[in-house]
Amino acid sequence: MRNFTFYNPTRIHFGEGQIAKLARDVPEGARVLVTHGGGSIFQNGVWQQVEQALAGHPVTRFGGIEPNPQFDTLVKATELARAERCDFIIAVGGGSVIDGSKFIAAAACHEGDPLELLTGRRIAAALPLGCVLTLAATGSESNPHGVVTHVARQEKLSFSSALLYPRFAILDPRTTFSLPPRQIGNGVVDAFVHTLEQYLTYPADAPLQDRYAEGLLQTLIEEGPKALADPEDYRVRANLMWCATQALNGLLGCGVPQDWSTHMIGHELTALYHIDHAQTLALVLPALLAERRQAKREKLLQYALRVWGLKEGEEDDRIDGAIRATRDFFKRMGVPTRLSEHGLDADVIPRVLAQLERHGMTALGERHDLDLAASERILLKAL
Ligand code: NZQ
Ligand code: ZN
């Protein structure tokens, strides 16, 4: 196992009715900026619970943070936070609202151009942030990362700082009952791929991390389709919500090699063609596993055996079986796995490759050997 430092300070309040705990973790006298997306929180009763819980605090509200949160919108929110002298942010929504709020938290404390925070400048200070999660997917509720879209530059820009771990996250599975099927599928696929990107690399003498990942994958496979079949099954939603948080709260990746090339290629597809984040992953991952079958051979065989129960036949057949099962699972979650299903063809490939090159994504993967030629073969396999 490799050396590592594990740090995760986010306090999680999990379960039904936990939104009422909101005020407990907000310091007395704090001036709160509540951020949200396009309005789902007004239709599913979440806003009413948040408003009630924050009754003792001066609250400023900023809505309209888009899926794939946009830089320009977040700059407006930052100006509002400054004008209202807000000193605590509460994000209410999915990964986009939480990521966007992490950016606002940093930008509110930054004197220069806020774009610097997305182009390599170290984040030196940030307002404290808490969140109420309404979509189980990204893990943003208990990690230090964010991704912001810059529309004019056609870029999804990532940032990260230990200062951006939410102080607390409220995970009430009931808030996810109102998700449309597309977002249920997206959430399960995103958590599944987060797990795979930290697991499906090469053996690293880390049997605990392996079994932890396999447990998450099997739980997502078992519970995901049930959420589509019965959206109001609390037990199912609770298990999915807890899986998604743990898939990207840092624990799984301790001491092991990580890949993340599916995410990097996927981000370019979102920036260029506005495909939902998780849907890009479902396009890239099966193609990437086929392309990387030699580099990932040992772990692919372990994945085939332990996650999909494939123990008969030749090794190559078992690897093919595992890739097929992965693709079928994404389809069962209602998520397409081919570019053609999004109306895209081989014309997209040079554009995606040019973006990858522009962003320095020319040596991806756990061994930094996934070059542009390999990305091209992956995209061809995803047509
Ligand atoms: O905007 P509203 O009206 O709230 O509607 C949202 C949005 O349209 C809706 N929604 C959320 N909760 C709902 C609901 N609708 C009904 N009932 C509810 N309870 O769902 C839509 C999508 O929301 P969004 O927040 O965009 O989805 P997700 O959580 O999948 O977040 C995706 C973003 O997270 C980034 C992605 O790149 C993308 O920008 N990621 C962040 C990561 C991180 N911070 O660690 C890691 C991920 O790999 C990912 O890159
Ligand atoms: Zn993701």
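All of these numbers come straight from a predicted model, not from anything done at the bench.

Draft legend 1. Representation of the overall build of the protein in the model. Each helix and strand in the protein was counted, giving 13 helices and eight strands. Compactness check: the protein gives a C-alpha radius of gyration of 20 Å against a globular reference of 21 Å for 383 residues, within 12% of the reference. Once the C-alpha set of the protein is aligned to its principal axes, its extents read approximately 65 × 45 × 45 Å. Within the protein, buried positions represent 50% of all 383 residues. Sequence separation of at least 24 residues holds for 78% of the intrachain contacts in the protein that already meet a minimum separation of 6.

Draft legend 2. Structural detail: the UniProt feature "domain: Alcohol dehydrogenase iron-type/glycerol dehydrogenase GldA" (unreviewed entry) in the protein. Sequence positions flagged by UniProt for "domain: Alcohol dehydrogenase iron-type/glycerol dehydrogenase GldA" (unreviewed entry) are, in local numbering, residues 9–173. End C-alpha atoms of residues 9–173 are separated by 21 Å, and the span's content is 23% helix alongside 24% strand.

Draft legend 3. Main features of the environment of alanine 325. By the element assignment, alanine 325 lies in helix 11 (residues 315–332). Classification of alanine 325 by C-beta neighbours within 10 Å gives partly exposed; the count is 17. Each C-alpha atom of the pair alanine 325 and alanine 304 lies 8.9 Å from the other, and the pair is 21 residues apart in sequence.

Draft legend 4. Examining the site of ligand 1 more closely. Lining the immediate environment of ligand 1, one finds 33 residues, of which Gly37, Pro67, Gly94, Gly95 and Ser140 sit closest. Looking at the shell around ligand 1 element by element, the count peaks at four residues for helix 4 (residues 95–107).

Draft legend 5. Fine view of the sheet that holds strand 4 (residues 88–93). Ordered in space as 1-8-5-4-2-3, the six strands form an open sheet in which the pairing is parallel. The open sheet has two edge strands with one neighbour each: strand 1 (11–14) and strand 3 (59–62). The mean inter-strand angle of the sheet, taken between neighbouring strand axes irrespective of direction, is 15°. Helix 4 rests against strand 2 (32–36), strand 4 and strand 5 (129–133) of the sheet, and its axis sits at about 165° to strand 4.

Draft legend 6. Examining the UniProt feature "domain: Fe-containing alcohol dehydrogenase-like C-terminal" (unreviewed entry) in the protein more closely. In this numbering, the UniProt entry assigns the feature "domain: Fe-containing alcohol dehydrogenase-like C-terminal" (unreviewed entry) to residues 187–351. Taken end to end, residues 187–351 has its terminal C-alpha atoms 27 Å apart, with 67% of it in helix and 0% in strand.

Draft legend 7. Up close: the domain arrangement of the protein. By domain assignment, the protein separates into domain 1 (11–175) and domain 2 (181–381). Between the C-alpha centres of domain 1 and domain 2 there is a distance of 27 Å. Class assignment for the residues of the side of domain 1 that touches domain 2 results in six nonpolar, seven polar and four charged.

Draft legend 8. Structural view of helix 6 (residues 207–229). A rise of 1.5 Å per residue sets the reference length of helix 6, with its 23 residues, at 33 Å; its end C-alpha atoms lie 34 Å apart and thus fit the reference within 8%. The sharpest bend along helix 6 reaches about 25° and sits at isoleucine 221, with the proline proline 225 one to four residues further on.

Draft legend 9. Region of the structure containing the environment of threonine 245. Its location among the elements puts threonine 245 in helix 7 (residues 234–247). In the structure, threonine 245 is positioned 82 residues away from arginine 327 in sequence and 23 Å away in space, judged by C-alpha atoms. If we ignore the near neighbours within four places in the chain, the residues touching threonine 245 are Gly139, Glu141, Ser142 and Leu171.

Draft legend 10. Molecular detail of the packing of helix 8 (residues 261–273) against helix 9 (residues 277–291). It is at 8 Å that the axes of helix 8 and helix 9 come closest, and there the two elements cross at 130°. Regarding the angle of helix 8 to helix 9, the classification is oblique. The interaxial crossing formed by helix 8 with helix 9 has right-handed handedness. Note on element contacts: helix 9 touches helix 8 through His277, Thr280, Leu281, Leu283, Val284, Leu285 and Leu288, opposite Ser261, Thr262, His263, Ile265, Gly266, Leu269 and Thr270. Partitioning the contact of helix 8 with helix 9 into residue classes produces seven nonpolar, seven polar and no charged.

Draft legend 11. Summary view of unusual backbone geometry. With a phi close to 50°, arginine 85 is a non-glycine residue in the positive phi region. Structurally, arginine 85 is set in the loop between helix 3 (71–83) and strand 4. Here arginine 85 falls in the exposed class, since 10 other C-beta atoms lie within 10 Å of it. The backbone of tryptophan 260 sits at a positive phi, close to 70°, despite the residue not being glycine. Structurally, tryptophan 260 is set in the loop between helix 7 and helix 8.

Draft legend 12. Examining helix 3 more closely. The end-to-end C-alpha distance of helix 3, which contains 13 residues, comes to 18 Å, matching closely the 18 Å that a straight helix rising 1.5 Å per residue would cover. All of the buried residues in helix 3 are Phe71, Leu74, Ala77, Thr78 and Ala81. Down the axis of helix 3, the buried side of the element spans an arc of 115°, and every buried residue falls inside it. Facing away from the buried side of helix 3 by over 90 degrees, the exposed positions are Asp72 and Ala83. Buried residues in helix 3 make contact with strand 2, strand 3, helix 4 and strand 6 (145–150).

Definitions and limits used
- Numbering of residues starts from 1 in every chain and runs along the sequence as written.
- By the order in which they are written, chains take letters starting at A while ligands take numbers starting at 1.
- Side-chain atom pairs in this predicted model are given and counted only at pLDDT of 80 or more, local residue features only at pLDDT of at least 70, and totals for whole chains, interfaces and linings cover all residues.
- Segments assigned H or I by DSSP are reported as helices when at least four residues long, segments assigned E as strands when at least two residues long, and all are numbered from the N terminus.
- Radius of gyration: C-alpha atoms only; globule rule: 2.2 Å multiplied by the number of residues to the exponent 0.38.
- Every C-beta atom is placed from the backbone, and the number of other C-beta atoms within 10 Å of a residue's own sets its class: buried at 20 or more, exposed at 12 or fewer, partly exposed in between.
- The contact criterion used here is simple: two residues whose C-beta atoms, placed from the backbone, lie within 7 Å are in contact.
- UniProt positions are given in the numbering used here, feature names are shortened, and annotations may be inferred rather than shown by experiment.
- To decide nearness, the C-beta atom of each residue is placed from the backbone, and the residue is near a molecule or strand if that atom lies within 6 Å of it.
- Whether two strands pair depends on DSSP finding at least two bridges between them.
- Axes, fitted as lines to C-alpha atoms, cover a helix only where it is in contact. Angles between the N-to-C directions of the axes lie from 0 to 180 degrees.
- An automatic or database domain assignment supplies the residue ranges for each domain.
- Gly is placed with the polar residues, together with every amino acid not listed as nonpolar (Ala, Val, Leu, Ile, Met, Phe, Trp, Tyr, Cys and Pro) or charged (Asp, Glu, Lys and Arg).
- In this analysis, the expected span of each helix is defined as 1.5 Å times one less than the number of residues it contains.
- One axis is fitted to the seven residues ending at the residue and one to the seven starting there. The bend at that residue is the angle between these axes.
- Put simply, angles under 35 degrees are roughly parallel, angles over 145 are roughly antiparallel, angles from 65 to 115 are roughly perpendicular, and the rest are oblique.
- Put simply, a crossing is left-handed when the front helix is turned counterclockwise from the back one by less than a right angle, and right-handed when it is turned clockwise.
- The arc in question is the one traced by the directions running from the helix axis out to the C-beta atoms.

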